[in-house]
Amino acid sequence: MPLSHQKQAGFSIISLMIASAIGLFLIGGAGKVYVDSKNAFSARSAIASATEKARFVIQDLRRTLIMAGRGIPQKDDDIAAYVNADNDMRTFPAVGTDGILNTDANGSSVIAMRYADGPAPCGQAGTLDGAFSTVRFYRDNEGILICETTTAGATVSQPLASDIVVMRALYGINLDEDDNTADQYLTADEVEDAGLWNFVIAIRIGFVTSSSDTELLPAVYRPAAPDELDILGMTYTAPDTTHFYQSASTTISLRNRNGVVQRQ
């Protein structure tokens with residue numbers, strides 16, 4: 001019988017090269033989508049980290065500082081109380097190492113005030129019920145915002161938030177007896193030099209927060225140069241481009257000192 005030969009069909013080398021190229025293109029596209037998504041997620045995480053810290057700091061400072069002057073008798077908080085040495089009972093402690101500071105060794109303001117009626121500060125349970133409490137907010141050497149309170153000679157500290165880069169405070173002065181609106185905002189040193197602590201009715205606080213060391217900006221999202229941030233009219237240059245930095249500010253009206261101008 002005669003033998004029949006059948007040709008076997010297959011892929012040519014050109015077909016294989018085209019298929020390989022298409023496969024590599026698809027894999028590369030999928031890889032780019034993955035990398036872009038991962039970078040975007042990391043960037044959003046860094047932004048959320050700094051923003052959430054700013055939101056928390058504003059809420060906690062407001063909750064405590066709004067109590068300034070509550071429960072403090074007028075006789076202990078009049079003009080004479082600020083002309084003479086600190087009586088440990090007036091709303092604002094003396095400007096100095098253990099009280100208010102315009103700028104400390106870390107380049108940040110230290111905010112301090114007193115009240116004697118209401119919830120205990122700095123995470124403590126219970127209420128003050130007439131016990132004078134001095135509350136200080138400051139940034140420590142590690143960039144942690146600390147709430148420190150001294151009540152009846154006992155001092156307690158509570159860390160509030162990390163990655164606080166710098167904090168600045170200005171004090172709202174009301175010299176017009178016809179309203180309860182701050183006419184101007186001054187630094188602690190300016191208020192002290194002018195003898196105007198008795199006329200402070202608000203505190204304006206500005207600060208810069210950053211993302212943590214575990215939540216850095218991906219290289220593609222990093223600015224070409226460190227950002228310049230405004231903090232209550234002062235320009236602050238971020239120390240690097242690897243973290244995300246957030247500037248925020250708030251004005252806290254000291255409702256217990258409305259009408260303080262009449263204390264003369």
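Up top you'll find the structure we're talking about.
A short tour of the structure in this document, coming up.

Re the sheet that holds strand β1 (residues 111-115)
Reading across the sheet, the four strands line up as β1-β2-β3-β4 and stay open at both edges, with antiparallel pairing between neighbours. With partners counted over all chains shown, the strands left at the sheet margins are β1 and β4 (154-161), one partner each. With strand direction ignored, the average angle separating the axes of adjacent strands in the sheet is 20°. In this sheet, strand β2 (residues 133-139) lies alongside β1 in antiparallel orientation, the contact comprising five bridges. In the strand pairing of β2, A112 is matched with R136.

Focus on the layout of surface pockets
Its volume calculated, the largest pocket comes out at about 210 Å³. Around the largest pocket sit 13 residues that line it, and D88, D98, R114, T134 and T150 are the ones nearest its centre. Mapped onto the lining of the largest pocket, the elements with two or more residues apiece are β2 and β3 (145-151). Looking at the lining of the largest pocket element by element, the count peaks at three residues for β3. Among the residues making up the lining of the largest pocket, the classes are represented as three nonpolar, four polar and six charged. When its volume is computed, the second largest pocket comes out at roughly 170 Å³. Surrounding the second largest pocket, 13 residues form its lining, R63, T64, A120, P121 and C122 being those nearest its centre. Elements represented by at least two residues in the lining of the second largest pocket include exactly α1 (13-65) and β4. Among the elements that take part in the lining of the second largest pocket, α1 stands out by supplying three residues, more than any other.

Some thoughts on the nonpolar core
Membership of the largest hydrophobic core comes to 41 residues, with the highest contact counts inside it found for L65, F92, I111, F137, Y171, W197 and I205. Considering each element in turn, this core owes the most residues, five residues, to strand β5 (residues 164-173). Within the second largest apolar cluster, eight residues are counted, among which are V165, V166, L229 and A238.

Comments concerning the pattern of salt bridges
Throughout the structure, instances matching the rule amount to 10 salt bridges. A salt bridge links R90 to D86, with the nearest nitrogen and oxygen atoms 3.5 Å apart. Looking at R90, the relative accessible area reads 5%, which means it is buried. In this structure, D86 engages R114 in a salt bridge whose closest nitrogen and oxygen atoms are separated by 3.0 Å. Here R114 lies in strand β1 and D86 lies in the loop between α2 (79-83) and β1, a separation of 28 residues in the sequence. When salt bridges with common partners are traced through the structure, they connect D86, D88, R90 and R114 into a single cluster.

Reading guide: rules and limits
- Residues numbered from 1 in each chain as written.
- Predicted model: local features only at pLDDT ≥ 70, side-chain atom pairs only at ≥ 80, totals over all residues.
- Heavy atoms only, no water.
- Pairing = 2+ DSSP bridges.
- Helix = DSSP H or I, 4+ residues; strand = E, 2+ residues; numbered from the N terminus.
- Axes fitted to C-alpha atoms, helices over the stretch in contact; angles between N-to-C directions.
- 1 Å grid on protein atoms, 1.4 Å probe; cavity = no way out; pocket = protein on both sides within 12 Å on 5 of 7 lines; lining within 4 Å.
- Points joined across faces, edges and corners; volume = space filled by probe spheres on them.
- Nonpolar A, V, L, I, M, F, W, Y, C, P; charged D, E, K, R; others polar.
- Core = buried A, V, L, I, M, F, W, Y, C linked by side-chain atoms within 4.5 Å.
- Buried < 20%, exposed > 50% of the residue type's maximum accessible area, 1.4 Å probe, protein only.
- Salt bridge = Lys/Arg side-chain N within 4 Å of Asp/Glu carboxyl O.

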